[in-house]
Amino acid sequence: MADGEPAVLRRESDGTMAVVLAGRWRIGELLPPVAEVERAVTEDPPARISFDSHDLEAWDSRLVSFVARVLDVGSARHIPVDPEGLPEGVRRLLALASAAPRRPQPTEPEPGFFERVGRAAVARGRREIDVVAFVGETATAVARLLGGRASFRVRDLFLHVEGSGARAVFIVGLVSFLVGLILAFIGSIQLRPYGAMLYVADLVAVAMVREMSAIMAAIVLAGRTGAAFAAELGTMRVTQEIDALDTIGIPKVELLVLPRLLALTLMLPFLCVFADFAGVLGGAVIGTAVLGFSPSLYLEETYRAVTAVDFFGGLFKAGVYGALVAGAGCFEGLRSGRSAAAVGQAATAAVVDGIVLVIAAAGVFSVVFYLLEI
């Protein structure tokens, strides 16, 4: 039977229309179209549809596809279809196909421009409310800590101190060393026309101690520790551990956020001191090896340029940056969704939020220190 010829349909006395399946039903064979079955049930609807496969010689997925489309035709016209006349293998494949979940079809039209803007505004407003609530809960937890009433495990604090401090020393030192080296190169290019090459030591020392060490250490920890905090807390949401804490009545901010916040706030100033020395060392390498200054002269100029205000101001900034990075990581982790993709998005958002907060805080500090003439 060639493709396009009518299918063999047999009408029974009880009103059943039997679809006769004979010969070879394989891909590549010329087979009847389903349109003939559809036309027949439209012109003269039968009581039900059945199949006759006694003369079927061979079949593959082409037959399964044909039968599935016949089933769709019957379902669309509310005509029962009896698959008992089909080979057992075809019936099993059809059962598997019907059990597989189908992609849900969209039931609503795509939202328009103004609707999308409105939804984005509502989502942004809810996020800002969550930020305010998180800041309030964190401030309350810190107040309880200062009053000696906070409840968290000291062991967790030491674990986070180790993870955010000791294990980050190498990468912070390496980044700061390279930043000091770059500043020395740039400074030498700008100061050479004025014959003031020695002031490269002043430039590197003040820039690193006052600003760059704290900023670079904070950015490194935002990508390293802030993302880890978000992933840890996001995973706890996926496994419903945070829901269990809420059910029991244990304050999750004190138990989960406070140790991480304290660890990063305490450790970032220490990392900043290490970054100061690494950055000055990077500048000294250029000053002695490239510019030709003696190590004693370079270090003497460095010591003369840096003041106590610069040093302790940098440490204060580092502590604030640490709190911001930890807060961003914990906030994104606590509001993460309940899937693996949502945890990854929370970790990414924590890095972005942490870096943006650090840079914004650095700008605010620069303005405040300028106005205070510090």
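Below you will find a few notes about this structure. Only a predicted model underlies this, so the values are computations on that prediction, with no experimental measurement involved.

1. Here we look at the side chain of Thr 16
Part 1 of the reasoning: Positionally, Thr 16 belongs in strand β2 (residues 16–20).
Part 2 of the reasoning: For Thr 16, a relative accessible area of 3% corresponds to the buried category.
Part 3 of the reasoning: Among the polar contacts made by the side chain of Thr 16, one reaches the side chain of Arg 48 at a distance of 3.2 Å.
Part 4 of the reasoning: Contacts of Thr 16, omitting those with residues within four sequence positions, involve Arg 10, Arg 11, Arg 48 and Ser 50.

2. A look at helix α10 (residues 295–305)
Part 1 of the reasoning: Buried within α10 we find Tyr 298, Glu 301, Thr 302 and Ala 305. For α10, the buried positions fall inside an angular range of 100 degrees around the axis, keeping them on one side. Opposite the packed face of α10, turned more than 90 degrees from it, sit the exposed residues Ser 296, Glu 300, Tyr 303 and Arg 304.
Part 2 of the reasoning: The inward-facing, buried residues of α10 contact α7 (200–238), α9 (252–289) and α11 (308–334).

3. Concerning the packing of helix α6 (residues 169–191) against α7
Part 1 of the reasoning: Viewed as axis vectors pointing N to C, α6 and α7 meet at an angle of 145 degrees, and their least axial separation amounts to 9 Å. Between α6 and α7 lies a crossing of right-handed hand. In this structure, α6 uses Ile 171, Val 172, Val 175, Ser 176, Val 179, Gly 180, Leu 183, Ala 184, Gly 187, Ser 188 and Leu 191 to contact α7, whose residues at the interface are Val 200, Leu 203, Val 204, Ala 207, Met 208, Met 212, Met 216, Ala 217 and Val 220.
Part 2 of the reasoning: Across the contact of α6 with α7, the residue classes break down as 16 nonpolar, four polar and no charged.

4. Details of the packing of aromatic side chains
For any two aromatic rings, the description comes down to two numbers: the centre-to-centre distance and the angle of the planes.
Part 1 of the reasoning: By the definition in use, this model includes six aromatic pairs.
Part 2 of the reasoning: Between Phe 113 and Phe 114 the ring centres are 5.4 Å apart and the planes differ by 75 degrees, which places this aromatic pair in the edge-to-face class.
Part 3 of the reasoning: Judged by relative accessible area, which is 52%, Phe 113 ranks as exposed.
Part 4 of the reasoning: Note on Phe 114: relative accessible area 72%, which makes it exposed.
Part 5 of the reasoning: One aromatic cluster in this structure is built from Phe 316, Tyr 321, Phe 365 and Phe 369.
Part 6 of the reasoning: The lysine or arginine in question, Arg 260, covers the ring of Phe 229, its NZ or CZ lying 5.6 Å from the ring centre.
Part 7 of the reasoning: Across from the ring centre of Phe 369, 4.6 Å away, lies the NZ or CZ of Lys 317, which sits over that ring.

5. Structural notes on the nonpolar core
Part 1 of the reasoning: Formed by 43 residues in total, the largest nonpolar core has its most connected members in Val 172, Leu 256, Leu 268 and Tyr 321.
Part 2 of the reasoning: The set of elements that each furnish at least two residues to this core consists of α4 (113–146), α7, α8 (241–248), α9, α11 and α12 (340–371).
Part 3 of the reasoning: Counting residues per element, this core draws most heavily on α9, which supplies twelve residues.
Part 4 of the reasoning: Excluding anything up to four places from it in sequence, Val 172 contacts Ala 217, Val 220, Leu 271 and Ala 275.
Part 5 of the reasoning: One finds Met 17, Leu 63, Val 64 and Phe 66 within the second-largest nonpolar core, a separate group that totals 21 residues.

6. A look at the environment of Gly 23
Part 1 of the reasoning: For Gly 23, the location among the structural elements is in strand β3 (residues 23–25).
Part 2 of the reasoning: Sequence spacing of Gly 23 and Ala 360 is 337 residues, and the spatial spacing of their C-alpha atoms is 77 Å.

7. A closer look at unusual backbone geometry
Part 1 of the reasoning: Even without being a glycine, His 78 presents a positive backbone phi close to 60 degrees.
Part 2 of the reasoning: Secondary-structure assignment places His 78 in the loop between α2 (61–76) and α3 (88–99).
Part 3 of the reasoning: Judged by its relative accessible area of 74%, His 78 falls in the exposed class.

8. As for α4
Part 1 of the reasoning: Here α4 spans 49 Å end to end across 34 residues, near enough to the 50 Å set by a 1.5 Å rise per residue.
Part 2 of the reasoning: Where α4 is buried, its residues touch α9, α11 and α12.
Part 3 of the reasoning: Gly 148 occupies a position one or two residues after α4 and carries a positive phi of about 75 degrees.

9. A word on the sheet that holds strand β4 (residues 48–52)
Part 1 of the reasoning: Taken together, three strands build an open sheet; the order of strands is β1-β2-β4 and the sheet is mixed. Strands with a single pairing partner mark the edges of an open sheet, and in this sheet they are β1 (9–11) and β4. Here the average twist between neighbouring strands, direction ignored, is 30 degrees.
Part 2 of the reasoning: Looking at chain direction, β2 and β4 are connected through five bridges and run parallel. By the bridge assignment for β4, Val 20 is matched with Asp 52.
Part 3 of the reasoning: In this fold helix α1 (residues 35–43) packs onto β1, β2 and β4, with an angle of close to 25 degrees to the strand it touches most, β1.

Thresholds applied
- Residues numbered from 1 in each chain as written.
- Predicted model: local features only at pLDDT ≥ 70, side-chain atom pairs only at ≥ 80, totals over all residues.
- Heavy atoms only, no water.
- Helix = DSSP H or I, 4+ residues; strand = E, 2+ residues; numbered from the N terminus.
- Buried < 20%, exposed > 50% of the residue type's maximum accessible area, 1.4 Å probe, protein only.
- Polar contact = N/O pair within 3.5 Å; in protein donor to acceptor, adjacent residues only side chain to side chain.
- Contact = heavy atoms within 4.5 Å.
- Arc of directions from axis to C-beta.
- Axes fitted to C-alpha atoms, helices over the stretch in contact; angles between N-to-C directions.
- Left-handed = near helix turned anticlockwise from the far one by under 90°.
- Nonpolar A, V, L, I, M, F, W, Y, C, P; charged D, E, K, R; others polar.
- Phe/Tyr/Trp six-rings, centres within 6.5 Å; stacked < 30°, edge-to-face > 60°.
- Lys NZ or Arg CZ within 6 Å of the ring centre and 35° of its normal.
- Core = buried A, V, L, I, M, F, W, Y, C linked by side-chain atoms within 4.5 Å.
- Expected span 1.5 Å × (residues − 1).
- Pairing = 2+ DSSP bridges.

Function cannot be read off these values alone, since they describe shape.
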